[in-house]
Structure formats: structure tokens, C-alpha cells
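Coordinate inspection notes
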Number of protein chains: 2
Amino acid sequence: MSDIAVTPMLRLSGEERRAEIVDAVLRLSAERSPGLITTAEIARALSLSQGALFKHFPRKEDIWLAVAERIAESLLATVEQAAQQAASPLAALHGIFMAHVGFVIEHPGAPRFIFHELQRSVDSPVKSRLREMLARYRQILMGLLETAEQQGELAEGTNKSAAASLFLGSIQGLVMQSMLAGSSAAMRQQAEAILPIFERGIRREKSGEAA
Amino acid sequence: MSDIAVTPMLRLSGEERRAEIVDAVLRLSAERSPGLITTAEIARALSLSQGALFKHFPRKEDIWLAVAERIAESLLATVEQAAQQAASPLAALHGIFMAHVGFVIEHPGAPRFIFHELQRSVDSPVKSRLREMLARYRQILMGLLETAEQQGELAEGTNKSAAASLFLGSIQGLVMQSMLAGSSAAMRQQAEAILPIFERGIRREKSGEAA
DNA sequence: CACCGGTAAGTAATTAGTTACTTACCAATA
DNA sequence: TATTGGTAAGTAACTAATTACTTACCGGTG
């Protein structure tokens, strides 16, 4: 009759709970600016008391670091997988671009989180981790561009570093515009329209091309 | 002998003070995330009491709206001026790109402010104003691309909307990377390296081009 | 010119509400 | 029973906004 615990207190292991917390932050980041996400809000999303969070992460910053770690690992895995599946370096770039867009559509909170943290001027561990990820990403792009050059697929005189910047920049631009519109649904189409322009910008023109 | 007022209380007109407040927010935005800027901090930057701010703006949000207004006006003025000075549509795009980069270098707080506000999911008047600015910007780009197409400067089959997206996206990407590096100094060089790739992507290849 | 009164820019102190984080205690499970 | 994931009730610091009051400026009038 006097049952108080209607829901029988879901008690997860530390590891599981930490994963859930990271998930929750990513989910919330899709809708709010990560800077405005409070510990109370995270707890509410998990039907947990606010104080419980600090059993698993001593400081809020540590939660943020775990989120960055998660994003870095999964995005790089996505990118590397897409790169391996392609037949040629330029096809790999194409594949990576679309895979990245797919990743963003699937995890809308991720780019929001990244932007917000990179924007911070102080060099937090979180920002460091994300910077490291972007450096690795750029390294992959540069490798592909170099291979493309060696195979004669690249236009002569192409600035490979600039090409990598343009590649990353156009994805960031796409994300920004999807934030503007409020829907990430149209992103894939937009990406498919932008890619040909980029590819035309770096690909060596075939001598005997039909109009 | 017993002079208390060492600094003789600088009393500005409302208009002047409002301009100073907007300036201060822009300056602070260059170093901190705009979301973390407090009214106390703005007041401190102006050697003013915190409460005084509310003599000029009834709510904090109104300060933010004034900042958005300022950014929108000055950026669009910069863009339109650059467009008018150019001899051809494609030269105009080139000029706008570099002018925009120059604007960002001169006002490092502006892109930070824009990103932060666009990131917010709620459709605030601030976000509306910035969206309006970007729409106008895109409209200018589309106009130039159409003229370029009519004059035969554009590659056949170029998706003009996608080209405009790529244009805006690559600027956003440049800004993001300058945030990463922490210095906006290298931006101009990066821009000059990226532009040729973009231009190659949309420009009609001249039939008799020397290697 | 000097005085006076209204207006508006300023201050200092305080408010209610949040925030990240802590503490004391509890209960499940290994 | 010792450990650990959990709660509930705190706390100190900070936030935007408001308050009561002060001070500078400016345009008539005596």
C-alpha cells in the first residue's frame, strides 16, 4: 500500500552510467547550445538526481571531455572507414565528405558541441582533444591529396593544404546552414550539389572530355 | 585636497553610450564566448556600474540585438562596397571574399558572436536579424553568379546555389580554423590559397590556356 | 547673466533565481 | 559487510534585473 519507489531505482554500473551521461549531453546539444546545458538538465534527461552526476564525473568539465572523446573517436572511425572503402583517392574524398555529412545528420549535437568548444579562447583539455581530432582528420585528407597528385588525378599547382581547408570548411559551412534552417534533412542534397564544384576545383581536367 | 572624484565621471549621451556598449560586447566577444559575457563584465569594460546598462537597454537581450544590428550593417556595407568596385562578376566574388576576410580580421568578435547566436535553437530576434543578413548576403552572391553566367564566365551546369553555399562555407571554415589556431593573422594568406580552387570550380575553362 | 527646474545618465545596494558542487545518509549487490 | 550507485538537502558564488537615490547637463525665465 505504501509503496514509495514506484520505479525501482535503475542502478547502472559506473561505466554504463557514464556512457548514458555522455549520450544525454550529445542529445541535448542537438537542441540547445552546449554552453547552456546545465548539470540539472542532464540529470533530468536521465531521470537522475543532479548530485548523482558527480559520482561519475568529479567536475562538469570532465563530462565535456568525455563527450569530446566520444565524438573524436566515432567521427574519425567514420572517416577512416569511408576512406578505406573507396577505389581512388578522389573517390575517397567524395566518400569521406558524404560520410561526414551522414555522421552529422545522425548526431546533430556533435557539430554544435565542437563549434561551441572550439570557440572558447582558453585552451581547455576539451578544446585540445578536438583540435587533435581535426589535425588527424586533416592529415588523412592531405595523404589522399598527395596520393591523388602522384597518380596524376590532381590539377597542376593545386595547393593541397588549401584544398584540405576548403574541404573541411565547406562541411562546416553546410552544418552552419543547416543550423540556420533548423533541419539537417536537406544537408545531404546540399552536399551532393557542392561536391562537384570542389572536385572540379582540384581535379585535373581530362583532355578528351565530352561536353 | 580632499578630491574624491579622481576620474570626473564621464557622462555620455544615450546614443554615444549605447554605441560604446555595443563596442564593448564586440571587443569582449573576441576573447570570450559571447554566451558567457555578463552585464557586470560589460560594465567593467566601460568603467560603468552594472545597473547603468539598463538605463540604455531594458534587457540584456536588447544589447545583443543592437550588436547583431551593428554587425549586419557593417558587414553588408563592406560586402556591397567590395562588389561595386570590381570590374567583373567573378572579380567581385574575389573582392567580396577578401573584404569579408578583412572584416573578420578587423572585428574578430563578429564571427564569434554570429556563430554563437545562430547556434541557439530558439528563434530569437537576434537570430532572425542575423539570418536576414545572411539571406541578403546570399542574394548578392546569387546575383553575381547569374550575371557571370550570362556573360559566359561560369562553367556550364554550375549549381549557383551550391556555389554560393560553398563560398559562404569556406569563409566560415576559415574563421573556424583561425579560432582553432588562435590567430587571425594567417587568415588572409589562407584565403588567397583557397580562392583559386573555388574559382577553378566555377569558372569556365578558357579554350586556349597555356600550361 | 544668474538662477531654477526638468530630464536623463549615473551609482550602490539589493533582489530572486541559477549554477556547479558538497555533504550526509541510504540501499542494493558482490 | 564493504563497496558503490543513488538520493535529498544543502552551500557559496554568480546572474540579470530593480530599487532609491545622486549628479550632470540644458533651455527657458526673472
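As a reminder, the structure under discussion sits directly above these lines.
Notes on the structure in this doc start here. (Residues numbered from 1 in each chain as written. Chains lettered and ligands numbered in written order. Predicted model: local features only at pLDDT ≥ 70, side-chain atom pairs only at ≥ 80, totals over all residues. Heavy atoms only, no water.)

**Digging into the protein's contact with DNA strand D**
Residues in close proximity to DNA strand D total 21 residues, the closest being Arg17(A), Lys55(A), His56(A), Gln50(B) and Lys60(B). Looking at DNA strand D alone, sugar and phosphate atoms form 55% of those within 4 Å of the protein. Within the contact set of DNA strand D, a phosphate oxygen lies 2.6 Å away from a side-chain nitrogen or oxygen of Arg17(A). Contact between DNA strand D and Gln50(B): a base nitrogen at 2.6 Å from a side-chain N or O atom of the residue. Looking at the surface near DNA strand D, the elements that each hand over two or more residues are α1 (14-29) and α3 (53-56) of chain A. For the surface near DNA strand D, the class distribution of residues is 7 nonpolar, 8 polar and 6 charged. (Near = heavy atom within 4 Å. Polar contact = N/O pair within 3.5 Å; in protein donor to acceptor, adjacent residues only side chain to side chain. Helix = DSSP H or I, 4+ residues; strand = E, 2+ residues; numbered from the N terminus. Nonpolar A, V, L, I, M, F, W, Y, C, P; charged D, E, K, R; others polar.)

**Observations concerning the side chain of Lys127(A)**
Mapped onto the fold, Lys127(A) is located in helix α7 (residues 125-150). Put simply, Lys127(A) is tucked away with no salt bridge, and the nearest opposite charge, on Asp123(A), sits 4.9 Å away. Excluding anything up to four places from it in sequence, Lys127(A) contacts Glu117(A), Leu118(A), Arg120(A), Ser121(A), Val122(A) and Met179(B). (Buried < 20%, exposed > 50% of the residue type's maximum accessible area, 1.4 Å probe, protein only. Lys, Arg positive; Asp, Glu negative; His and termini not counted. Salt bridge = Lys/Arg side-chain N within 4 Å of Asp/Glu carboxyl O. Contact = heavy atoms within 4.5 Å.)

**Some details on the protein's contact with DNA strand C**
Looking at DNA strand C, there are 21 residues lining it, with Gln50(A), Lys60(A), Arg17(B), Ser49(B) and His56(B) nearest. Counted by atom, the contact set of DNA strand C within 4 Å of the protein is 59% sugar and phosphate. In the environment of DNA strand C, a phosphate oxygen lies 2.6 Å from a nitrogen or oxygen atom belonging to the side chain of Arg17(B). Within the side chain of Ser49(B), an N or O atom sits 2.5 Å from a phosphate oxygen of DNA strand C. Those elements that provide at least two residues to the surface near DNA strand C are α1 (14-29) and α3 (53-56) of chain B. Counted by class, the surface near DNA strand C contains 7 nonpolar, 8 polar and 6 charged residues.

**Some details on the relation of the copies chain B and chain A**
Take chain B, turn it by 180°, move it 0.1 Å along the axis, and it overlays chain A with an RMSD of 0.1 Å. Read as a symmetry element, the transformation amounts to a two-fold axis. Identified as the residue of chain B closest to the rotation axis by C-alpha distance is Gly201(B), at 1.9 Å. (Least-squares fit on C-alpha atoms with pLDDT ≥ 70 in both.)

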